[in-house]
Amino acid sequence: MIDYDNLLKKIPRVKKILDDGSDEIIYHYTKPEKLLGLLESETLRFSNALYLNDKEEVTYSYKLIVDLIDGRSDLNEKLFSKIREHFFNKYTNIVNGNDNFNYKYEYYTVSFSTESDNLTLWNNYAKGQSYTGYNIGFCKNELIKDMIKKGFSSVYGNVIYDRKVQVTVLNLIFNKWNKEFERILKLKKVQKNSDAEEPLKVLFELIDILGIISLFFKNPHFKDEKEYRIIFINSFGTDTSKPTKICEKNGLFVPYIEYKFQKRTVNSINIGPTLDENIFYTSTSRMLLNFGYGNKAINRSKIPLRY
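The notes below deal with the structure included here. (Residues numbered from 1 in each chain as written. Predicted model: local features only at pLDDT ≥ 70, side-chain atom pairs only at ≥ 80, totals over all residues. Heavy atoms only, no water.)

1. Here's the deal with unusual backbone geometry
Within the chain, E42 stands out as a residue other than glycine whose phi angle is a positive 55°. Along the chain, E42 falls in the loop between α3 (32-41) and β2 (43-48). The backbone phi angle of K226 is positive, close to 50°, even though this residue is not glycine. Tracing the chain through its elements places K226 in the loop between α9 (198-213) and β6 (227-235). (Helix = DSSP H or I, 4+ residues; strand = E, 2+ residues; numbered from the N terminus.)

Quick look at the structure:
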């Protein structure tokens, strides 16, 4: 199992950009029928990141990595030609629909927002003026602590939309591992019996850290979502691997992993904009009482409806 936490500790500035460690509430937006099943089963789904809503979302970061390498002549060619080839192949395989992927490690993600009352996200889960969306507010630190306890050792943080920040993050990573690679090459010249696997270790570490960081980059056009992601790396054939299930979504067969959360990690239930807010409020209150969430706060959207 790859220890991504230790890899991120090598670049503390990047780690802090993703998450500054503050205890905040993060919000999981969903439709009414999904909210019902989610609270009744106390289960969140980690979905396979390869089958997210938009193919461009997956390839965006890979293309950025390739373009940035092409623009930097100071990087070690021996190392970064391999990095470029790796991510260029991943990009073209996804674009062309080639089944040429390594299923040893798969990335599974569950999405939240740092905003409790986000019009962009409400619009994704509402129909007309009477059908409203919902979100569940989770205590971030408690949720992540519980995930780790249950073997869901995850990488987590805010999605980065600002292209300048994305480039800064990639350059910090490039510089860190380029320096390490150059150091090892110099050492090998001096010490003829130095470990021949060390350069390969740098290569694989760099591929791993770029692979996970790429899942926190999105096109700036999506910035209004204020997304926060928790990513679980599923390793097949190991003691830490989790069983996967399959659901159909927009015609795709999407692998997912179930995570059972604790009621104590739930902070609030938030109701999206609706004309009939009173009946939605009382209906939600009764439902929460039925499933043992009667002590949780229920909040109504402050966004006015236009009609």
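Next comes the rest of the write-up.
2. Some points on empty space enclosed by the protein
Scanning the model with the defined rule gives 1 cavity of 30 Å³ or more in all. Computed from the structure, the largest cavity encloses a volume of approximately 40 Å³. Every residue along the wall of the largest cavity is listed here: L52, E57, V58, S214, L215, F217 and R229. Residues belonging to the lining of the largest cavity are distributed by class as follows: 4 nonpolar, 1 polar and 2 charged. (1 Å grid on protein atoms, 1.4 Å probe; cavity = no way out; pocket = protein on both sides within 12 Å on 5 of 7 lines; lining within 4 Å. Points joined across faces, edges and corners; volume = space filled by probe spheres on them. Nonpolar A, V, L, I, M, F, W, Y, C, P; charged D, E, K, R; others polar.)

3. Concerning the packing of aromatic side chains
Under the definition given, this model contains 10 aromatic pairs. Aromatic side chains F46 and Y259 sit 6.5 Å apart centroid to centroid with 80° between the ring planes, which places their arrangement in the edge-to-face category. Of this pair, F46 sits in strand β2 while Y259 sits in strand β8 (residues 252-260); the two residues are 213 residues apart in sequence, bridging distant segments of the chain. One exposure class covers both F46 and Y259, and it is buried. For the ring pair F112 and F138, a centre distance of 6.0 Å and an interplane angle of 85° mean the geometry is edge-to-face. Separated by 26 residues along the polypeptide, F112 in strand β3 (residues 105-113) and F138 in strand β4 (residues 134-139) bring together distant segments of the chain. F112 sits in the buried class, given a relative accessible area of 3%. Taken together, the ring pairs connect F46, F152, F232 and Y259 into an aromatic cluster. (Phe/Tyr/Trp six-rings, centres within 6.5 Å; stacked < 30°, edge-to-face > 60°. Buried < 20%, exposed > 50% of the residue type's maximum accessible area, 1.4 Å probe, protein only.)

4. Section: the side chain of R72
Within the element layout of this structure, R72 appears in the loop between α4 (55-70) and α5 (77-96). Of the residues examined, R72 reaches a relative accessible area of 17% and is grouped as buried. Here the side chain of R72 touches D74 through a polar contact of 2.6 Å, side chain to side chain. Engagement of the side chain of R72 in a polar contact is seen with the side chain of N171, the distance being 2.9 Å. Setting aside its immediate chain neighbours within four residues, R72 contacts N171, F174 and N175. (Polar contact = N/O pair within 3.5 Å; in protein donor to acceptor, adjacent residues only side chain to side chain. Contact = heavy atoms within 4.5 Å.)

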